[in-house]
Amino acid sequence: MEEEVIIRCSSLNDEIQAIQKAVADIASGRQRFVFYRGDTEYYLSLRDVLFFETDAREVSVHTIDSVYQTRYKLYELEELLPGHFMRVSKSTILNVEAIYSMTRNLSSCIVQFQNSHKQVYVSRYYYKPLKAKMEEKRIRGEA
């Protein structure tokens, strides 16, 4: 049986939209995506994904110890992914929940992930929104 959440309200305001997004984010955390490596399909939870990165030809999906491909474009992933994924550069979307540390330098920021050697560069344009999202997460007690 599929679960269903019904929200009854007099009008669709910002608060109700935030509730809808939160419910969708929770539900999509259980959602599995199909990723590829060679001729093999892998069905992974988004919780396992550290970041998505493009090199103009294809989009790579990075987990702690593996790299897969996806058939989605980065802009398509932005629309599909839950709110804990965020674009941090022209070529990268990262899982904010997987961030272990952030080191700022003059032109960018380097994000590192726990139990992984992988790192992502956050462009100056995206640094403040990422920092705000991390602060919001800390205040809500999710960090």
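Bear in mind the structure is a predicted one, so any value in this text is a computation, not a measurement.

A. Representation of the pairing of strand 6 (residues 85–89). The buried fraction of strand 6 amounts to five of the five residues, a majority that puts the element mostly inside the structure. Taken together, the four bridges between strand 6 and strand 7 (residues 92–95) define a ladder with antiparallel strand orientation. Looking at the pairing, arginine 87 lines up with isoleucine 93 of strand 7. In this antiparallel pair of consecutive strands, strand 6 and strand 7, the connection spans two residues.

B. Region of the structure containing a positive patch on the surface. Taken together, the side chains of Arg104, Arg124, Lys128 and Lys131 present a region of like positive charge at the surface. Of all the elements, helix 3 (residues 124–139) adds the most residues to the positive patch, at three residues. Tracing the backbone through its elements, the reader meets arginine 124 in helix 3. Exposure remark for arginine 124: the relative accessible area of 57% places this residue in the exposed category.

What counts, and at which threshold
- Counting starts from 1 at the beginning of each chain's written sequence and moves along it residue by residue.
- Reporting in this predicted model follows two pLDDT cut-offs: at least 70 for local features of residues, and 80 or more for side-chain atom pairs to be given and counted; totals over whole chains, interfaces and linings ignore these cut-offs and use all residues.
- For the side-chain quantities, the full set of heavy atoms in the structure was used; hydrogens and water were omitted.
- Residue burial is assigned from relative accessible area. The probe radius is 1.4 Å, only protein chains are included, and a residue is buried under 20% of its type maximum, exposed over 50%, and partly exposed in between.
- Helix and strand definitions here come from DSSP, where helices need a minimum of 4 consecutive H or I residues and strands a minimum of 2 consecutive E residues; each element is numbered from the N-terminal end.
- At least two bridges found by DSSP between two strands are what make those strands a pair.
- Grouping into patches uses exposed residues only, defined as over 30% relative accessible area, and leaves out salt-bridged ones; the cut-off is 9 Å for like charges and 5 Å for nonpolar side chains (Val, Leu, Ile, Met, Phe, Trp, Tyr).
- Areas reported here follow the Shrake-Rupley algorithm with a probe of radius 1.4 Å; residue values treat only the protein chains shown as occluding.
- A carboxyl oxygen of Asp or Glu within 4 Å of a side-chain nitrogen of Lys or Arg is what we treat as a salt bridge.
- Residues scored as charged are limited to Lys and Arg (positive) and Asp and Glu (negative), so that His and the chain ends carry no count.
- Every charge is mapped to an atom, namely NZ of Lys, CZ of Arg, CG of Asp or CD of Glu.

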